[in-house]
Amino acid sequence: MTATVLKATLHDVDGAIRELEDGLARGDLGLAPAVDRALALANRLMSAFAEAAGRPLSGLDEAADPLEVFKAFVKGDPSLNAIRDNLRELVYYRNCLAAGREDALPVNPVAMAVRTIRHIYLYMRTRAHKEHGLTAT
């Protein structure tokens, strides 16, 4: 994957996050769809970044377990652990929903999920600009 493809992926993910933000602003975004979409977008970001760095994540895609994608993503570059807690937060929300434990979620978890994927995106975009010379998307 070239830097051009990484830039296109960043652009596409930014657009998808904007759609989540718009749904949040309208008040019609459900938690489960928001979390599922956020995790898929996080996987897509990690995969694109790893491939651009010459470390493709073979056999892992948007639907893969995000913690498995993360484990492969950080291998060889521990500085990428910076997104670990954000990713774990999204996985926690997913697990609470799966266990029927909405009572264990923070206040306004939909907004938190959307802001968390935006935070992951911003970190990855900054790294891409710094490491791959990408200009703003």
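Residues numbered from 1 in each chain as written. Predicted model: local features only at pLDDT ≥ 70, side-chain atom pairs only at ≥ 80, totals over all residues. Heavy atoms only, no water.

## A closer look at the nonpolar core
Consideration 1: Counting 43 residues, the largest nonpolar core has Leu6, Phe73, Ile117 and Ile120 as the members making the most contacts within it.
Consideration 2: Only helix 1 (3-26), helix 2 (31-52), helix 3 (66-74), helix 4 (84-98) and helix 5 (109-132) provide two or more residues apiece to this core.
Consideration 3: Of all the elements, helix 2 adds the most residues to this core, at 13 residues.
Consideration 4: Discounting chain neighbours no more than four positions away, the residues touching Ile117 are Ile17, Leu20, Ala38, Leu41 and Ala42. (Core = buried A, V, L, I, M, F, W, Y, C linked by side-chain atoms within 4.5 Å. Buried < 20%, exposed > 50% of the residue type's maximum accessible area, 1.4 Å probe, protein only. Helix = DSSP H or I, 4+ residues; strand = E, 2+ residues; numbered from the N terminus. Contact = heavy atoms within 4.5 Å.)

## Describing the packing of aromatic side chains
Consideration 1: As enumerated under the stated definition, the model contains three aromatic pairs in all.
Consideration 2: Geometrically, the ring pair formed by Phe49 and Phe73 is edge-to-face, given 6.1 Å between the ring centres and 70° between the ring planes. One end of the pair, Phe49, is in helix 2; the other, Phe73, is in helix 3, and 24 residues separate them in sequence. You'll find Phe49 and Phe73 in the same group, each marked buried.
Consideration 3: Their ring planes at 45° and their centres at 6.5 Å tell us that Phe70 and Phe73 sit as a pair that is tilted. In this pair, Phe70 and Phe73 are both assigned in helix 3, three residues apart and thus about one turn of the helix distant. The exposure classification of Phe70 matches that of Phe73, with both residues buried. (Phe/Tyr/Trp six-rings, centres within 6.5 Å; stacked < 30°, edge-to-face > 60°.)

## Describing the pattern of salt bridges
Consideration 1: For the structure shown, the criterion picks out twelve salt bridges.
Consideration 2: Between Asp28 and Arg26 there is a salt bridge, with the nearest N and O atoms lying 3.1 Å from each other.
Consideration 3: Among the residues examined, Asp28 registers a relative accessible area of 51% and is labelled exposed.
Consideration 4: Asp103 is the salt-bridge partner of Arg101, the closest N and O atoms lying 2.8 Å from each other.
Consideration 5: Among the residues examined, Arg101 registers a relative accessible area of 41% and is labelled partly exposed. (Salt bridge = Lys/Arg side-chain N within 4 Å of Asp/Glu carboxyl O.)

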